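Topology and contacts: notes
One-letter residues, chain by chain:
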Amino acid sequence: PEVQPPAPIVPTALFALPLGVVMVFFLRVVQHDIEFSQHEKIGVEYIRPLDDVVQHIQQHRALTVAFLSGAPDFKARYEAKQLEVQKDLERVNAVDRKFSSILDSATHWKRVKQHWSELKAAIPTSSPQAMADRHKDLVAEILLLIKHVGETSNLILHPHLDTYYLLDAFVNNL
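Note that the structure is a prediction, hence the values are computed from the model and not measured. (Residues numbered from 1 in each chain as written. Predicted model: local features only at pLDDT ≥ 70, side-chain atom pairs only at ≥ 80, totals over all residues. Heavy atoms only, no water.)

1. Points about the confidence of the model for the protein
Low-pLDDT stretches of the model should not have their predicted coordinates read in fine detail. Our working rule: Here pLDDT means the predictor's own confidence in every residue, given as a number from 0 to 100. Here a strand is any run of E in DSSP of at least two residues, a helix any run of H or I of at least four, and the numbering for each starts at the N terminus.
Scored by pLDDT, the protein has a mean of 87; 86% of the residues are at 70 or more. At the level of individual helices and strands, the protein shows its lowest average pLDDT in helix α5 (residues 161-172), which scores 58, and its highest in helix α3 (residues 106-122), which scores 97.

Structure, rendered in structure tokens:
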């Protein structure tokens with residue numbers, strides 16, 4: 001009987017062990033990148049309806065100021081715009097319920113809704129300038145929320161320089 005040479009266990013182990021270690025580190029990096037991207041996706045999903053809120057509140061400001069400046073024809077239009085803003089707020093409510101624990105956004109969002117309620121209640125007794133200022137303050141509050149969501153969702157912490165600038169513009173320079 002012919003004797004078989006021993007299997008090359010030692011060389012195989014010396015090759016496989018470092019390969020296994022590298023593979024573990026590679027999988028950790030991939031998992032981190034996946035989680036980072038998922039967080040960014042959550043931020044974008046939250047910010048999109050907020051962008052609509054900002055736009056519609058700015059339109060509401062123009063219509064309300066026109067009405068308060070003595071143009072009664074604008075009353076129906078600003079009231080219709082209020083309904084549109086309310087629908088936008090409901091969309092953000094749904095997103096906030098879904099992601100507030102991840103983004104720590106509930107307190108900020110509550111302030112925005114409170115500010116909106118106070119603004120609507122003040123319309124009958126406000127001057128055009130006071131109403132414009134209230135709208136400006138509300139938009140500033142929403143922009144702070146957008147910035148907060150951008151920070152807590154990693155949108156403005158993106159590790160790649162080329163997309164960092166794009167995401168920074170998306171979050172901070174609507």
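2. Details of the packing of aromatic side chains
Note the threshold: Whether two aromatic rings pair depends on their centres lying within 6.5 Å, for rings of Phe, Tyr and Trp, where Trp uses its six-membered ring; planes under 30 degrees apart make the pair stacked, over 60 edge-to-face, and the rest tilted. The classification of residues rests on relative accessible area computed with a 1.4 Å probe and restricted to protein chains. Under 20% of the type maximum is buried, over 50% is exposed, and intermediate values are partly exposed.
Overall, the coordinates contain one aromatic pair when judged by the stated rule. On the basis of an interplanar angle of 45° and a centroid distance of 5.3 Å, the ring pair of Phe 67 and Tyr 78 is categorised as tilted. Residue Phe 67 is located in helix α1 (residues 9-68), and its partner Tyr 78 is located in helix α2 (residues 74-103); the two are separated by 11 residues in the primary sequence. Taking relative accessible area as the criterion, Phe 67 reaches 23% and is therefore assigned partly exposed. According to the relative accessible area criterion, Tyr 78 is buried, its value standing at 7%.

3. Thoughts on helix α4 (residues 128-152)
Operational definition: Given the number of residues in a helix, its expected span is that number minus one, multiplied by 1.5 Å.
With 25 residues, α4 ought to run about 36 Å at 1.5 Å a step, and its terminal C-alpha atoms sit 36 Å apart, in line with that. Looking at α4, one finds that the buried residues are Met 131, Ala 132, His 135, Leu 138, Val 139, Glu 141, Ile 142, Leu 145, Ile 146, His 148, Val 149 and Gly 150. With its phi angle positive at about 70°, Asn 154 sits one or two positions after the end of α4.

4. Observations regarding the packing of α2 against α3
This is how it is decided: Where helices are involved, their axes are fitted lines through C-alpha atoms of the stretch in contact, as for all axes, and angles between N-to-C directions lie from 0 to 180°. In this scheme, roughly parallel covers angles under 35 degrees and roughly antiparallel covers those over 145, while 65 to 115 is roughly perpendicular and the rest are oblique. For any pair of crossing helices, the crossing counts as left-handed if the nearer helix is rotated counterclockwise from the farther one by less than a right angle, and right-handed if it is rotated clockwise. Any two residues having at least one pair of non-hydrogen atoms within 4.5 Å are treated as being in contact. Residues are sorted three ways: Asp, Glu, Lys and Arg are charged, Ala, Val, Leu, Ile, Met, Phe, Trp, Tyr, Cys and Pro are nonpolar, and all the rest, Gly among them, are polar.
At their nearest, the axes of α2 and α3 sit 11 Å apart, and the two run at 165° to each other. Classed by the angle they form, the pair α2 and α3 counts as roughly antiparallel. Of the two possible hands of crossing, α2 and α3 adopt the one that is left-handed. Taking contact as the criterion, the partners of Gln 82, Val 85, Gln 86, Leu 89, Val 92, Asn 93, Asp 96 and Ser 100 in α2 are, on α3, Ala 106, Trp 109, Lys 113, Trp 116 and Lys 120. Across the contact of α2 with α3, the residue classes break down as six nonpolar, four polar and three charged.

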